[in-house]
Amino acid sequence: MGFIDEIKAKAKSCKKTIVLPESEDIRTYEAAEAILKEGTANLVLIGSEEEIAKNKGDFDITGATIVDPATYEKTDEYVATLVELRKKKGMTEEQAREILLTNYLYYGVMMVKMKDADGMVSGACHSTADTLRPCLQILKTKPGTKLVSAFFVMVVPDCDMGENGTFVFADCGLNQNPTSEELAAIAQSSAESFKQLVGADPRVAMLSYSTMGSAKHDDVTKVQEAVKIAKAENPDLMLDGEMQLDAALVPSVGAAKAPGSQVAGKANTLIFPNLDAGNIGYKLVQRLAKAEAYGPMTQGIAAPVNDLSRGCSAKDIEGVVAITAVQCQNQ
Ligand SMILES: CC(C)(COP(=O)(O)OP(=O)(O)OC[C@H]1O[C@@H](n2cnc3c(N)ncnc32)[C@H](O)[C@@H]1OP(=O)(O)O)[C@@H](O)C(=O)NCCC(=O)NCCS
Ligand SMILES: CC(=O)OP(=O)(O)O
C-alpha cells in the first residue's frame, strides 16, 4: 500500500470530523463527494443552503453537515469566545460577529476551538497567510512547542531515496526567515510529523549550500548553530548538518562530503534554511518529479488546521483531509 492509501485506511478507522470552509470553490465539492463516498471523514461545509446548492455543481455531498453562520445555534457562543480570546488585542463584540459571519475560515477555526469539529482544511482559494492567521491567533501553539511551522509530505514516484521515495519537507509554508532556534524547533516538529505519519524513524538533514563547513557565510553559520541546538535538545534524534541536498540524499556524495554522518546519503526529513528555499524546493519536486505533495500542513499547533496550495487538485484536498484526520487521532 502506498503512503496515502495507508493514511486513508487509518482515517477510516477513526472517522474524525473535518471542516471545509471554502464553500465557494468547486474543488471542495469534488473532494467532499469522494471523501464521503470513501468514508475517510465526516465533513462540515460552511455556508448557507442556497450558497452551497448554487456552488456545488453536480457533486453529491449527501451526508455532509452544512453549518450556516447566520443561523447556527452556536454562533453567539463563538462570538463571545472570540471576544474573550482576542480582548487584549482590542476585539469588540461587533468586530467578532462581523468576522465570524463574513470569514468562514475564522468560523471553521472557532468550530475546532470549541470542539464542534476535530480539524479543518482550507487554502484552495485563500492564501497561506489568510488561512493560517486565524488558527495562529485562536488555536495557538500546543504545550511544549515554541513555534508553529508548515511541512509537506512528498511522495516521489520511482524513487529509492528517503523512505522509499517518501519525505517530510519543512518549512515550506509559514516561517519566512527562521532563526537558528526556530530552525531547531522546525526540525524537532518535522521529525515528530515524519514518525507520526510515515511510521518510520526520521533521519533529519539540516540543508544549506555548504556541507560540514565547506563554505563560510552568516547563512551557513545560522544552520550550523541550529544543528547544535537541535542535537542538544534531541540527543536521540538522527539529525545532522549543515549539508547540501546531494549530500543529504545520495549515499556516495554523502560519504564523500560528510563521512561518518548517520544521516548523509539517507535523509528522509529535509529542513530548508528559509521559506524561499522550502517553498521553491517542494514545488520543483512536485512539478518536475511529478511527486504527490500533501500540505502545507501545520505542526506544533494546538489542533490540526491544514493549508493547501491554491494550485491544488481535488485529490490533494482528499489526501490532506485524510492526513488531518490521522493528526486528530494522535492529538
Ligand atoms: C502566517 C503569517 C501571516 C503570520 O504573520 P502576520 O499576519 O504578520 O501575523 P502576526 O505576526 O501578527 O501573527 C499573528 C498571530 O500569530 C502568531 N504567530 C505568527 N507566526 C507564528 C508561528 N510561526 N508560530 C506560532 N505563532 C505564530 C503571532 O504570535 C500572533 O499572535 P497574536 O495575534 O495572538 O499576538 C506570516 O507568518 C506569513 O505571511 N507567512 C508566510 C506565508 C506565505 O506566504 N507562505 C508562502 C506560500 S505557502
Ligand atoms: C504552499 C503554497 O505555496 O501555497 P500557494 O501556492 O497557495 O501560495
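Residues numbered from 1 in each chain as written. Chains lettered and ligands numbered in written order. Predicted model: local features only at pLDDT ≥ 70, side-chain atom pairs only at ≥ 80, totals over all residues. Heavy atoms only, no water.

1. Description of the UniProt feature "domain: Phosphate acetyl/butaryl transferase" (unreviewed entry) in the protein chain
At step 1: The positions UniProt marks with the feature "domain: Phosphate acetyl/butaryl transferase" (unreviewed entry) are residues 3–325.
At step 2: The distance from the first to the last C-alpha atom of residues 3–325 is 15 Å, and the span holds 46% helix and 16% strand. (UniProt positions renumbered as here; feature names shortened; annotations may be inferred. Helix = DSSP H or I, 4+ residues; strand = E, 2+ residues; numbered from the N terminus.)

2. Observations regarding the site of ligand 2
At step 1: Around ligand 2, the neighbouring residues are T128, F152, N279, Y282, K283, P296, S309 and R310.
At step 2: Between ligand 2 and N279 there is a distance of 3.0 Å, counted from an oxygen atom to a side-chain nitrogen or oxygen.
At step 3: At a separation of 2.9 Å, an oxygen atom of ligand 2 approaches a polar side-chain atom of K283.
At step 4: For ligand 2, the protein covers 86% of the area, taking 260 Å² as the surface of the free molecule.
At step 5: By residue number, the principal contributor to the shell around ligand 2 is helix α12 (residues 275–288), which donates three residues.
At step 6: Of the residues that constitute the shell around ligand 2, the class distribution is three nonpolar, three polar and two charged. (Near = heavy atom within 4 Å. Polar contact = N/O pair within 3.5 Å; in protein donor to acceptor, adjacent residues only side chain to side chain. Areas by Shrake-Rupley, 256 points an atom, 1.4 Å probe, with all protein chains shown as cover. Nonpolar A, V, L, I, M, F, W, Y, C, P; charged D, E, K, R; others polar.)

3. Focus on the site of ligand 1
At step 1: In the neighbourhood of ligand 1, 18 residues make up the surrounding shell, with R86, K89, R133, K140 and G173 lying closest.
At step 2: V148 places a polar main-chain atom, nitrogen or oxygen, 2.9 Å from a nitrogen atom of ligand 1.
At step 3: Here G173 contributes a backbone N or O atom positioned 2.8 Å from a nitrogen atom of ligand 1.
At step 4: Relative to its unbound accessible surface of 940 Å², ligand 1 loses 64% to contact with the protein.
At step 5: Looking at the shell around ligand 1, the elements with two or more residues in it are α7 (128–138) and α12.
At step 6: Of all the elements, α7 adds the most residues to the shell around ligand 1, at five residues.
At step 7: Here the shell around ligand 1 is composed, by residue class, of seven nonpolar, seven polar and four charged.

4. Considering the nonpolar core
At step 1: Within the largest apolar cluster, 57 residues are counted, with the highest numbers of intra-cluster contacts made by F3, L43, V153, M206, Y294 and V321.
At step 2: Here M206 is in contact with L183, A187, V223, A226, V227, L239, D240, G241, E242, M243 and I271, once residues within four sequence places are set aside.
At step 3: Core analysis: the next-biggest nonpolar cluster, separate from the first, contains 31 residues, V67, L105, C135 and A303 among them. (Core = buried A, V, L, I, M, F, W, Y, C linked by side-chain atoms within 4.5 Å. Buried < 20%, exposed > 50% of the residue type's maximum accessible area, 1.4 Å probe, protein only. Contact = heavy atoms within 4.5 Å.)

5. Some details on the pattern of salt bridges
At step 1: Across all of its chains, the model carries 15 salt bridges by this definition.
At step 2: Between E163 and R203 there is a salt bridge, with its nearest N and O atoms 3.3 Å apart. With E163 in the loop between β5 (149–155) and β6 (166–170) and R203 in strand β7 (residues 203–207), this residue pair connects regions lying 40 residues apart in the sequence.
At step 3: By relative accessible area, which is 16% here, R203 ends up buried.
At step 4: Between E225 and K228 there is a salt bridge, with the nearest N and O atoms lying 3.3 Å from each other. On the criterion of helical spacing, the pair formed by E225 and K228 is a turn pair, its members being three residues apart in helix α9 (residues 218–233).
At step 5: Judged by relative accessible area, E225 falls into the partly exposed class, the value being 33%.
At step 6: Each of the salt bridges in this network shares a partner with another, and the network as a whole consists of K8, E38, K315 and E318. (Salt bridge = Lys/Arg side-chain N within 4 Å of Asp/Glu carboxyl O.)

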